[in-house]
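Residue-level listing of the chains:
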Amino acid sequence: MIVPVEGAELVCTTRGAGVTCLVPSAIGAPPYERQMPERLDRHLRLAFVELRGSGRSTGDPGDLTFERLADDLDAVRAALGVERVAVIGHSILGALAIDYARRRPAAVSHVVVVGAPPTGDMRVVAARATEFFAREASEERKRILGENLARLPPGATMGEAMLAQTPMRFFDARTDAAPLFAGADASGRLVGHVLRTLTASWDVGTDARAADPPLLIVHGRHDYVVPYTMWEGIVERLPRATMVLFARSGHQPFHEEPARFAEVVEDWLGLPRG
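Criteria and thresholds
Residues numbered from 1 in each chain as written. Predicted model: local features only at pLDDT ≥ 70, side-chain atom pairs only at ≥ 80, totals over all residues. Heavy atoms only, no water. Helix = DSSP H or I, 4+ residues; strand = E, 2+ residues; numbered from the N terminus. Rg over C-alpha atoms; globule rule 2.2 N^0.38 Å. Buried < 20%, exposed > 50% of the residue type's maximum accessible area, 1.4 Å probe, protein only. Contact = heavy atoms within 4.5 Å. Areas by Shrake-Rupley, 256 points an atom, 1.4 Å probe, with all protein chains shown as cover. Lys, Arg positive; Asp, Glu negative; His and termini not counted. Charge placed at Lys NZ, Arg CZ, Asp CG, Glu CD. Salt bridge = Lys/Arg side-chain N within 4 Å of Asp/Glu carboxyl O. Pairing = 2+ DSSP bridges. Axes fitted to C-alpha atoms, helices over the stretch in contact; angles between N-to-C directions. Phe/Tyr/Trp six-rings, centres within 6.5 Å; stacked < 30°, edge-to-face > 60°. Lys NZ or Arg CZ within 6 Å of the ring centre and 35° of its normal. Expected span 1.5 Å × (residues − 1). Arc of directions from axis to C-beta. Core = buried A, V, L, I, M, F, W, Y, C linked by side-chain atoms within 4.5 Å.

### A closer look at the overall build of the protein chain
(1) Moving on: For the protein chain, the helix and strand inventory stands at ten helices and eight strands.
(2) Moving on: Scaling as 2.2 N^0.38, a compact globule of 274 residues should have a C-alpha radius of gyration of about 19 Å, and the protein chain matches this with 18 Å.
(3) Moving on: Viewed in the frame of its principal axes, the protein chain has a C-alpha envelope of about 50 × 35 × 35 Å.
(4) Moving on: Every one of the 274 residues in the protein chain was classed for burial, and the buried ones make up 56%.
(5) Moving on: By sequence separation, contacts in the protein chain at least 24 residues apart represent 75% of the contacts at least 6 residues apart.
(6) Moving on: Per element, the accessible surface of the protein chain, about 11500 Å² overall, is 53% carbon and sulfur.
(7) Moving on: Here the protein chain carries 31 positive and 35 negative side-chain charges, and the mean point of each set is 2 Å from the other.

### Concerning the environment of Leu245
(1) Moving on: With respect to the element layout, Leu245 can be found in strand 8 (residues 241–246).
(2) Moving on: Overall, Leu245 belongs to the partly exposed group, its relative accessible area being 36%.
(3) Moving on: Leu245 has contacts with His219, Gly220, Arg221, Tyr228 and Arg260, leaving out every residue within four places of it along the chain.

### A closer look at the pattern of salt bridges
(1) Moving on: This structure, assessed with the given rule, holds 18 salt bridges.
(2) Moving on: The closest approach of N and O atoms between Arg39 and Glu266, which form a salt bridge, is 2.9 Å. Separated by 227 residues along the polypeptide, Arg39 in the loop between helix 1 (30–35) and strand 4 (44–50) and Glu266 in helix 10 (residues 258–269) bring together distant segments of the chain.
(3) Moving on: For Glu266, a relative accessible area of 1% corresponds to the buried category.
(4) Moving on: Between Arg123 and Asp121 there is a salt bridge, with its nearest N and O atoms 3.3 Å apart.

### Some points on the sheet that holds strand 7 (residues 215–220)
(1) Moving on: Overall, mixed pairing links the eight strands, which are arranged 1-2-4-3-5-6-7-8 in an open sheet. The sheet is open, and its two borders are formed by strand 1 (2–5) and strand 8, each paired with just one other strand. Pairwise comparison of adjacent strand axes, ignoring direction, gives a mean angle of 25° for this sheet.
(2) Moving on: By the bridge criterion, four bridges tie strand 6 (residues 108–114) to strand 7 in an arrangement that is parallel. Directly across from Val113, in strand 7, lies its bridge partner Ile217.
(3) Moving on: The sheet strands contacting helix 2 (residues 66–79) are strand 1, strand 2 (8–16), strand 3 (19–25), strand 4 and strand 5 (85–90), and the helix crosses strand 1 at an angle near 135°.

### What about the packing of aromatic side chains?
(1) Moving on: Following the criterion strictly, the structure yields six aromatic pairs and no others.
(2) Moving on: Where Phe132 meets Tyr228, the ring centres are 5.8 Å apart and the plane angle is 90°; that geometry is what we call edge-to-face. Remark: Tyr228 occurs in the loop between strand 7 and strand 8 and Phe132 occurs in helix 4 (residues 122–136); sequence separation between them is 96 residues.
(3) Moving on: These aromatic residues form a ring-pair network of at least three members: Tyr32, Phe246, Phe254 and Phe261.
(4) Moving on: Sitting over the face of the ring of Phe246, Arg260 holds its NZ or CZ atom 4.3 Å from the ring centroid.

### Concerning helix 4
Residues spaced three or four apart along an α-helix face the same direction, because each turn holds 3.6 residues.
(1) Moving on: Here helix 4 is 15 residues long and its end C-alpha atoms lie 20 Å apart, about the 21 Å a rise of 1.5 Å per residue gives.
(2) Moving on: For helix 4, the full list of buried residues reads Val125, Ala129, Phe132 and Phe133. End-on view of helix 4: buried residues confined to an arc of 100°, all on one side of the axis. For helix 4, the exposed residues lying more than 90 degrees away from the buried face are Arg123 and Thr130.
(3) Moving on: At its buried positions, helix 4 is contacted by helix 5 (139–150) and helix 7 (166–169).

### Things to note about the nonpolar core
(1) Moving on: If you look at the biggest cluster of nonpolar residues, it comprises 75 residues, and the most contacted ones within it are Leu22, Leu96, Tyr100 and Phe261.
(2) Moving on: If you tally residues by element for this core, the top one is helix 3 (residues 93–103), at seven residues.
(3) Moving on: Setting aside residues up to four positions removed in sequence, Tyr100 forms contacts with Leu22, Ala70, Leu73, Asp74, Arg77, Val85, Val87, Ala107 and Val108.
(4) Moving on: Formed by eleven residues, the second largest nonpolar core is a distinct cluster that contains Phe132, Ala137, Val225 and Met230.

Any functional reading would require information beyond the geometric quantities listed.
In structure tokens, the structure reads:
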């Protein structure tokens, strides 16, 4: 489905049936289509949205502001023919999911963030990640990461660097992550804008209010890119927030523990299991 919006056309693909759940992506839909548990399809209509300036969607990624993002996602919601949606935001896109819900409370019923930081300040995230990895990672995990980074060519792409970081991103430090990201938009145009500009001053505590929709924070115990410890002392201050830690996952629990991820989401949304 192609959804026209101001200055762009957004590509949205869907699967499953039931409650409509938007899954925004800044790297194209295929990686998330591949990794989201198929079990969710029984009770959720997953709508994978390629944000403007990424994947097959058109538009200038530099045009994306939080307000424009809310307009874009609301246009997709309307095109899907529903009054309210749930949203799943992975990594830094969790910030976008939360902000959309706060700007359009009538349109968003629930928000799930997976491996998301509570702040968009990447200097803070990087510092906490470095500290957490040094303290918690095994010596084998550290050795594998060092070997991977040493093999990176000069001027490595964003995709190459991300694959080298597998020991920081997956419970199994030797995971072959390349097939998981086949077909990804490796240009990094929108990712760079989101990280360096859009979310640079974002903080989950800003504008938090009792009217916020229920928020499910899913995190992997072995996520060394965005440590779960960053949420300590924050979850309790957020209205209607719940955090679930996955013991055998890194940055992508929906792939590493798909059955449990589906169960947690189904239970939290009040849907039948399986």
